[in-house]
Amino acid sequence: MGYTMIMDCWDEACFIQGEWFRSAIRGNRELDTIYSESSGNALTFIPAIEKAGIYKISVYRIKLCGEQCYEIGHSGVIDLAKSDPSNGEEGWVEVGTYAFLADGSEYIKFVVRQGLVRGTSIMLEFMTDEGTVMNTGTMAMESSTHDGVTVRQYFDNPGEILDDKSSTYTESGCWQASLLENYKEGRGTRVSSKPGDWSKWSATTPILSAQEESNFVVYVWMPYGNCSGANVKYTVSTLNGLWMKEVNQEKHDIGGWTKLFTVRATGDTAIEVSMHVLSETDTYATSIKLVRTEVAPDAPVNMLGEADTETVAVLVNQSGYDVGRAKRATVVNTPDETPFFIKNAQTHETVFEGRIVGCIADFSKLNPDKKTEYYLEVNGVLSYTFTVGNNWMQRVSVPPALAFMNHARNDAWLPGLTSMAWRDSHQFSFELGSMAMLYMSNPSLHEALPRTICNLELTMFDSLKTQQEPDLIWLMKFGAERYYDFKVNQGYNLHPLIKEQLSFFIYMYPFIKSYVSEDDYRRFRDFTIGEWTSSDQTNSLKWYDIPGEAYNLLEVQSVFSGIKGSFPPGHSIIPNLMMYEVVKRDGLGGEEKYVEAAYKNCEFILNHIDITNPYYSKGQRMSEHVIMESLAYFLELFPQLAPEKLKSEINRWADKMIARSANMWDMRMASSVAAGDEQDIWTGAAYAKANDAKITALMNEPGNEAGIQAAMFAAARVIDDPEKAARLKEIGISGIDHMFGRNPYGRMFFYDAIRDIEGAHSGWFSMHAVAGNGKLGAVPGRIDASPKEQAYPFNPKADPGYVEGWVAFNTAWNSSIAYSAGDDIEITIDKQQAQIGDVIHIRLKAPINIDSEKVETATIQLVDVTTGKCDCLVLTEESVDSLYFSGDYVVPEAAGKLEFSYGYGLFKRKADLVIVAFREKEST
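Residues numbered from 1 in each chain as written. Predicted model: local features only at pLDDT ≥ 70, side-chain atom pairs only at ≥ 80, totals over all residues. Heavy atoms only, no water.

A. Up close: the sheet that holds strand β24 (residues 283–285). The strand order across the open sheet built from three strands is β16-β17-β24, with neighbouring strands paired in antiparallel fashion. The strands lining the two open edges of the sheet, one partner per strand, are β16 (176–178) and β24. Between one strand and the next, the sheet's axes are offset by a mean angle of 45°, whatever the strand orientation. Here three bridges tie strand β17 (residues 189–192) to β24, and the two strands are oriented antiparallel to one another. In the strand pairing of β24, V191 is matched with Y284. (Pairing = 2+ DSSP bridges. Helix = DSSP H or I, 4+ residues; strand = E, 2+ residues; numbered from the N terminus. Axes fitted to C-alpha atoms, helices over the stretch in contact; angles between N-to-C directions.)

Put into structure tokens, the structure is as follows:
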């Protein structure tokens, strides 16, 4: 009579649309069936009909099968049909008889209307090649699409699977191997029954190119035989949002992939999936699968995309806070005295309570014994989760900051359009100075970090093609060689700001001499001294011309620039003081002229400009930190040589900055009526535009917030009033909090925040479409943008405005990281006097513990002040993730006065020991 065609849901002829799941219930030919319960999902069967004619269509019905709906496209029309519920029967059930033209366009589409439905098999039986359609359905003239992939591709394609063998899998707590099966033989299943334990899977978004966005279904494998019934909390973080929910893991009848969420993600950024044990019940960590989909994403939690000026929002530092330091969050549109609660993110127990004051929740007194994840809740509104831990901000900031300096070199692979040593660098990038301060503030940390300089073979200097030193020191050597090369081999004159950078390198020589030869040191030293007084401004590669700038660095710098920060006040003070110490240290003579130049430049500032004027403070964009660092450095290290009114001027500046920071962000405004200024302006760019007719657009200025901690901490170091110093530090920390998500958008200033910074939840909206002059689009640790004036005080719908990374933003951040680390150094000994053979116990507090899972070491310097002999002493972390390192030292024979120290230069902290049995020889 004819032929029969059977199409199973696993055949290539069946296309899937939407989300379907594999079932253990068998259908025709004992094949597994699939099911879905989301309206609009469909299975489309495309029959390969060879002969036109009349065909009977049947569907294989299984037990517990409800009403099924079909769309049948045939002979240029679309009919709708249904099959009755199974009522316990199973087998083939006729749907209807239809005419087919066999032109390749015809199909049978199984559509989910409501409830749970199952896909099985379709059968077409040829009846006759003559006759008419034997039943009439609802006619529809629009065409139906067959987009999607086959069911077999859908289920057999693993997508991106992350399991316990993945390099990015991490866990914390008491996990053990389990006998339950994972998705694949050889892949382990982990089990824990301790509340608070967690497992985490991370991956760079699969398939997508950079900046491309798409949706992904996130599945978790439920192991066969699990009858514990444990509830577990899953969290998915991407650049585009955060998704959280609790799931019951029980799958004792059959294992398989269970959908968690459909999420939105961006190419070349991270997807992170974490699960947390909630009870003392066996909880299993198995595998995660990521599958790209066209289905719309589930709604994320705590996103401000739909927020307006009236929305109640809880804005925190997304990554976290340091034990022992200020911890403040902003809660907008909330009246004073509203209670807030800090809750443990694993147990959901309240660990701290307080009251909102001025839209600020202050939980600075929350100082857990070990790093712990929390969230803040106000009237049912939740913040992102964040961590409080020892030295947390050093831990999450140093790696991306170093990665940026590493990958942004102009010899790494893609030089920028305006690059000197780093892509997009110029005369006022301050790279060498910021990195020198980083090393001096925490040398043991940088000595211990992995050595990861990229593309060594591409560097332009043969001496650097093999890495012998820590990344930070290699990068400083690279910068010094590059600036030397510009003059000696390429014939360019050096801008004064570039010459100043070299002073940091030669000043540091005694601290890094194991990595720099004496010949190289003398080469750089003599070159820098020779260039210091050069006045030749021709061919100097300067990006901006500042009329009146003095190239001779012994002269008074009497002109300064504005919003670009290209010539900030005080820039030559620290370099001249460093040159004074270098020349004096090496016995070259004439050192007085350098300290005199520093004095005269400082005096000029004090007598001729108002450093509280927004033009010279926030109006300097990312270069503002240079001003206060310079003034405070002079006062701290050379108090007897500094101008008389320097201390009072720093205090006056501090009072003004504190007054301008009395707002719900703790953000130092450009100007504030409440602080005595003429108008309220939040950003330096808006201030500059209001006061300079040549400026027509609001510039991007994340460097203001990135560098403010350095300025505030520098001033706090020389201010005697403890309360005033504490408030300055609070403002400085809030600047970094602002950069890390405590701002009107609730986003970090980094587009790739989730990829680059531990604990990040939501990065910036976009990055520069073509990566800007510096071609910085792919560089890790890149700061991209900040809220513009119209976003303040709270307008999350404001246009985020211009975005583009810049080396100078990141070097401002380097300085803040350095001053933050330096502020945390303490060194003590248990005796001030000792005899030969005494045991001295040394204790160091420093932000060195970058790994909270192991005991680490720190190296301090030991100097016999009488003989000048130098040595090193290794201390051991007192416990895992501790603030303190300690060790013992036995006073040797012939010891004189001993000095134990950590840090160098400005950041050096020391403890002196007098050896009472030692007597200096009387001079003859």
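The rest of the description comes next.
B. How the structure looks around unusual backbone geometry. Cis geometry marks the peptide bond from Y792 to P793; its omega dihedral reads 0°. Within the secondary structure layout, P793 lies in the loop between α16 (753–756) and α17 (807–822). Its identity is not glycine, yet N379 carries a phi of approximately 50°, on the positive side. For N379, the location among the structural elements is in the loop between β32 (372–378) and β33 (381–382).

C. Quick peek at the side chain of S734. If you trace the backbone, S734 turns up in helix α15 (residues 722–739). In this view, S734 contacts W665, D666 and R742; residues no more than four positions away in its chain are not counted. (Contact = heavy atoms within 4.5 Å.)

D. Structural detail: the pairing of strand β4 (residues 32–36). Burial runs high along β4: four of the five residues are buried. In the sheet, β4 pairs with strand β11 (residues 117–119) via three bridges, with the strands oriented antiparallel. Considered in β11, the bridge of Y35 is made with R118. (Buried < 20%, exposed > 50% of the residue type's maximum accessible area, 1.4 Å probe, protein only.)

E. Representation of the environment of T309 within the structure. The topology assignment puts T309 in the loop between β25 (288–293) and β26 (313–315). Taking the relative accessible area as the measure of exposure, T309 reaches 37% and is therefore partly exposed. Spatially, the C-alpha atom of T309 lies 42 Å from that of A42, the residues being 267 residues apart in sequence. The contact partners of T309, leaving out residues within four places of it in the chain, are N333, F794, N795 and P796.

F. Focus on α17. Given a rise of 1.5 Å per residue, 16 residues ought to cover 22 Å, and the 23 Å separating the end C-alpha atoms of α17 matches this to within 8%. α17 sits mainly inside the fold: 16 of its 16 residues count as buried. (Expected span 1.5 Å × (residues − 1).)

G. Expanded view of empty space enclosed by the protein. In total, this model carries seven cavities of 30 Å³ or more according to the counting rule given. Of the volumes computed, that of the largest cavity is approximately 180 Å³. In terms of lining, the largest cavity is formed by 15 residues, of which the most central are F430, Q501, F504, V626 and E629. Secondary-structure elements contributing two or more residues to the lining of the largest cavity are α3 (431–441), α6 (496–507), α9 (573–585) and α11 (624–637). Here the element with the most residues in the lining of the largest cavity is α11; it accounts for four residues. Of the residues belonging to the lining of the largest cavity, the class tally is six nonpolar, seven polar and two charged. (1 Å grid on protein atoms, 1.4 Å probe; cavity = no way out; pocket = protein on both sides within 12 Å on 5 of 7 lines; lining within 4 Å. Points joined across faces, edges and corners; volume = space filled by probe spheres on them. Nonpolar A, V, L, I, M, F, W, Y, C, P; charged D, E, K, R; others polar.)

H. The side chain of E649, seen in detail. Turning to its location among the elements, E649 is positioned in helix α12 (residues 646–660). Taking the relative accessible area as the measure of exposure, E649 reaches 8% and is therefore buried. Side-chain polar atoms of E649 contact the side chain of R652, separated by 2.7 Å. When neighbours within four sequence positions are excluded, E649 is seen to be in contact with L606 and I611. (Polar contact = N/O pair within 3.5 Å; in protein donor to acceptor, adjacent residues only side chain to side chain.)

I. Molecular detail of α12. Helix length check: α12 (15 residues) gives 21 Å between terminal C-alpha atoms against 21 Å at 1.5 Å per residue, within 8%. Three or more residues of α12 are buried, namely L646, E649, I650, N651, W653, A654, K656, M657 and R660. Elements in contact with the buried residues of α12: α10 (592–608), α11, α14 (702–716) and α15.

J. The arrangement of the sheet that holds strand β38 (residues 857–864) in detail. On the basis of which strands lie adjacent, the open sheet formed by eight strands has the order β35-β37-β40-β39-β38-β41-β42-β36 and mixed pairing. Edge positions in the sheet fall to β35 (826–829) and β36 (833–834), since each has one partner strand and no second. Bridge count between β38 and strand β41 (residues 898–902): four bridges; the pairing is antiparallel. Note that in β41 the partner of Q861 across the bridge is S901.

K. Highlighting the pattern of salt bridges. Scanning the model with the defined rule gives 49 salt bridges in all. A salt bridge links K343 to E377, with the nearest nitrogen and oxygen atoms 2.9 Å apart. With K343 in strand β29 (residues 339–344) and E377 in strand β32, this pair connects stretches of sequence that are 34 residues apart. Judged on exposure class, the residue K343 and its partner E377 are both buried. Taken together, the shared-partner salt bridges connect D322, R325, K729, D823, D824 and K845 into one network. (Salt bridge = Lys/Arg side-chain N within 4 Å of Asp/Glu carboxyl O.)

L. Main features of the environment of E500. Note that E500 resides in helix α6. Residues E500 and G433, 67 residues apart in the sequence, show an inter-C-alpha distance of 8.4 Å. Excluding residues within four positions of it along the chain, E500 makes contact with W532, L553, H571, S572 and P575.

M. Layout of the packing of aromatic side chains. Under the criterion given, the structure shown has 41 aromatic pairs. Note on F505 and F524: the rings are 5.3 Å apart at their centroids and 80° apart in plane angle, and the pair reads as edge-to-face. Of this pair, F505 sits in helix α6 while F524 is found in helix α8 (residues 518–532), placing the two residues 19 residues apart along the sequence. Looking at F524, the relative accessible area reads 3%, which means it is buried. Within the aromatic cluster, the residues linked to one another by ring pairs are Y3, Y55, F100 and F126. Above the plane of the ring of F478 lies R409, whose end atom (NZ or CZ) is 5.8 Å from the centre. Over the aromatic face of F765 sits the side chain of R747, whose NZ or CZ is 4.1 Å from the ring centroid. (Phe/Tyr/Trp six-rings, centres within 6.5 Å; stacked < 30°, edge-to-face > 60°. Lys NZ or Arg CZ within 6 Å of the ring centre and 35° of its normal.)

All we've got here are geometric facts, nothing functional implied.
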